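Structural description and commentary
Now for the letters of each chain:
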Amino acid sequence: MSMRLHTPADYESLLDKYDTWMFDCDGVLWHGDRLIDGAVEVLSLLRSRQKKVLFVTNNATKSRKSYKGKFDQLGVEAHVDEIYGSAYAAAVYISSVIKLPKDRKVYVIGMKGMEEELRNEGVSFIGGTDPADCTTAPFSLDTFTPDPAVGAVLCGLDTAVTYTKLSKAFQYLTRADPTNPGSPKNLETCAFLATNEDSTYPAGAGLLPGAGAVSAPLRYALGRDPVAIGKPNGQMLDCIKAKVPYDPARTIMIGDRLNTDILFGQNGGLATLLVLTGITTESELTGPAPSPIVPDYVTASIGDLRVVASG
Ligand SMILES: O=C(O)COP(=O)(O)O
Ligand SMILES: [Mg+2]
């Protein structure tokens, strides 16, 4: 059963219990470029109490560096090594977990943020923002020569997704092993990866299709699911563990989506606080068919913590 936070004492007790505060971004701190009321004050309150603040976002459209630019623009204090996005986690996964050989490439369905993080990790890629792929021209297999070096497809939120991109990704994910031309069409030759599978995401003025809705055509066409690296997958937490010491017992994850943020916190042995300023609605918690994912705490907005006396 979740604890509904109401009184200043309720919020004060959270500050006593937790030293590390991991914040989801979309739907918790902001909607698009519109800050959620109270977010800035609460973040500075936490810093004034010597709390460790981390930002953990499934949004792969920006690199950690460009997220820092967004925080600066919005007047929110943040440091690059406090920011963990699914583009960064995916690049680390490819370079250090599956250890894609340096002579292989990734075919990207995604935007600049993913390209920047792959580049930072020394991972070669094609596709992405390449104008030849961001085209609405009809795609023809007769004129397509797959790059034999492609060994993985990485799919994330891509507001310029095209049939050409989906078709090229489909070819890479279904062709025979290029290093063994006689081999049968082997679905496992090419890794199918997704930065995250959020079905929707909370933009400034409402919901938009999320990364999960971009990879869905491939999942359907292939009859195969990608490895999703973002929340709730532990890969994101592994990236944080590699850089930031924290005690799971004294760490809380604050999020707006049950099947990513709250499940991510639970999978990592963290406490979880759900806010209702993003994706999750009251009825998913208490309605006729409540979600099996039950956060430890619930509050309307992160701004509610302002009731705690600063100091
Ligand atoms: O962009 C998304 O899909 C979700 O991003 P978030 O993890 O910051 O809520
Ligand atoms: Mg969110």
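These numbers come from a predicted model, not from an experiment.

1. Observations regarding the environment of E117
Here E117 lies in helix α5 (residues 112-120). A residue is classified by how much of its surface remains accessible, and E117, at 3% relative accessible area, is buried. Expressed as a C-alpha distance, the spacing of E117 and G85, which sit 32 residues apart in the sequence, is 9.6 Å. With sequence-adjacent residues up to four places away left out, E117 is seen in contact with S63, R64, A87, Y88 and A91.

2. Observations regarding the sheet that holds strand β8 (residues 124-127)
If you trace the 5 strands from one edge of the open sheet to the other, you get β8-β7-β9-β10-β13, paired in parallel fashion. Either end of the sheet is taken by a strand with one partner, and the two such strands are β8 and β13 (227-228). Note: strand β7 (residues 105-109) against β8, 4 bridges, orientation parallel. If you follow V108 over to β8, its bridge partner there is G127. Across the sheet, α5 touches β7, β8 and β9 (150-155), and the angle it forms with β8 is around 155°. Relative to β7, helix α6 (residues 163-174) is tilted by about 145°, and along the sheet it contacts β7, β8, β9 and β10 (191-194).

3. With respect to the coordination of the magnesium ion (ligand 2)
Around a metal, the perfect tetrahedron of four donors has angles of 109.5 degrees, and the perfect octahedron of six donors has angles of 90 or 180 degrees. Taken together, D24 (OD), D26 (O) and D256 (OD) make up the protein donors of the magnesium ion (ligand 2), found 2.0 to 2.1 Å from the metal. Sequence spacing of the donor residues for the magnesium ion (ligand 2), all on one chain, is D-x1-D-x229-D. Of this pair, D24 sits in the loop between β2 (20-23) and β3 (30-31) while D256 sits in the loop between β14 (251-255) and α9 (258-267); the two residues are 232 residues apart in sequence, bridging distant segments of the chain.

4. A word on the pattern of salt bridges
This model, assessed by the stated rule, comprises 18 salt bridges. Note that R47 and E82 form a salt bridge whose closest N and O atoms lie 2.8 Å from each other. Of this pair, R47 sits in helix α2 (residues 39-48) while E82 sits in the loop between α3 (64-73) and β6 (83-85), and the two are 35 residues apart along the sequence. Using a relative accessible area of 18% as the deciding quantity, one classes R47 as buried. D238 is paired through a salt bridge with K241; the nearest N and O atoms lie 3.9 Å apart. Pair noted here: D238 and K241 are both in helix α8 (residues 235-241), with a separation of 3 residues, about one helical turn. Classification of D238 by relative accessible area gives partly exposed; the value is 40%. One continuous salt-bridge network, built from bridges that share partners, spans D19, K51 and R250.

5. Brief notes about the UniProt feature "active site" (unreviewed entry) in the chain
UniProt's feature table lists "active site" (unreviewed entry) at D24 and D26, given in the numbering used throughout. Checking the annotated residues one by one, the ones that line the largest cavity turn out to be D24 and D26. On the accessibility criterion, D24 (4% relative accessible area) is buried. Once you skip the residues sitting within four places of it in the chain, D24 turns out to touch L29, V56, T57, K231, M253, I254, G255, D256 and D261. Of the polar contacts made by the side chain of D24, one reaches the side chain of K231; its length is 2.7 Å. Exposure remark for D26: the relative accessible area of 10% places this residue in the buried category. Non-local contacts of D26, meaning those with residues more than four positions away in its chain, are made with N59, Y201, P202 and D256.

6. What to know about empty space enclosed by the protein
Summed over the entire model, instances satisfying the criterion amount to 1 cavity of 30 Å³ or more. Approximately 170 Å³ is the volume found for the largest cavity. Elements with a contribution of two residues or more to the lining of the largest cavity: β11 (200-203) and α9. With 3 residues, β11 is the largest single contributor of residues to the lining of the largest cavity. Its residues assigned to classes, the lining of the largest cavity shows 6 nonpolar, 7 polar and 7 charged.

The rules behind the values
Residues numbered from 1 in each chain as written. Chains lettered and ligands numbered in written order. Predicted model: local features only at pLDDT ≥ 70, side-chain atom pairs only at ≥ 80, totals over all residues. Heavy atoms only, no water. Helix = DSSP H or I, 4+ residues; strand = E, 2+ residues; numbered from the N terminus. Buried < 20%, exposed > 50% of the residue type's maximum accessible area, 1.4 Å probe, protein only. Contact = heavy atoms within 4.5 Å. Pairing = 2+ DSSP bridges. Axes fitted to C-alpha atoms, helices over the stretch in contact; angles between N-to-C directions. Donors = N, O, S within 2.8 Å, 3.2 Å for Na, K, Ca; no water. Salt bridge = Lys/Arg side-chain N within 4 Å of Asp/Glu carboxyl O. UniProt positions renumbered as here; feature names shortened; annotations may be inferred. 1 Å grid on protein atoms, 1.4 Å probe; cavity = no way out; pocket = protein on both sides within 12 Å on 5 of 7 lines; lining within 4 Å. Polar contact = N/O pair within 3.5 Å; in protein donor to acceptor, adjacent residues only side chain to side chain. Points joined across faces, edges and corners; volume = space filled by probe spheres on them. Nonpolar A, V, L, I, M, F, W, Y, C, P; charged D, E, K, R; others polar.

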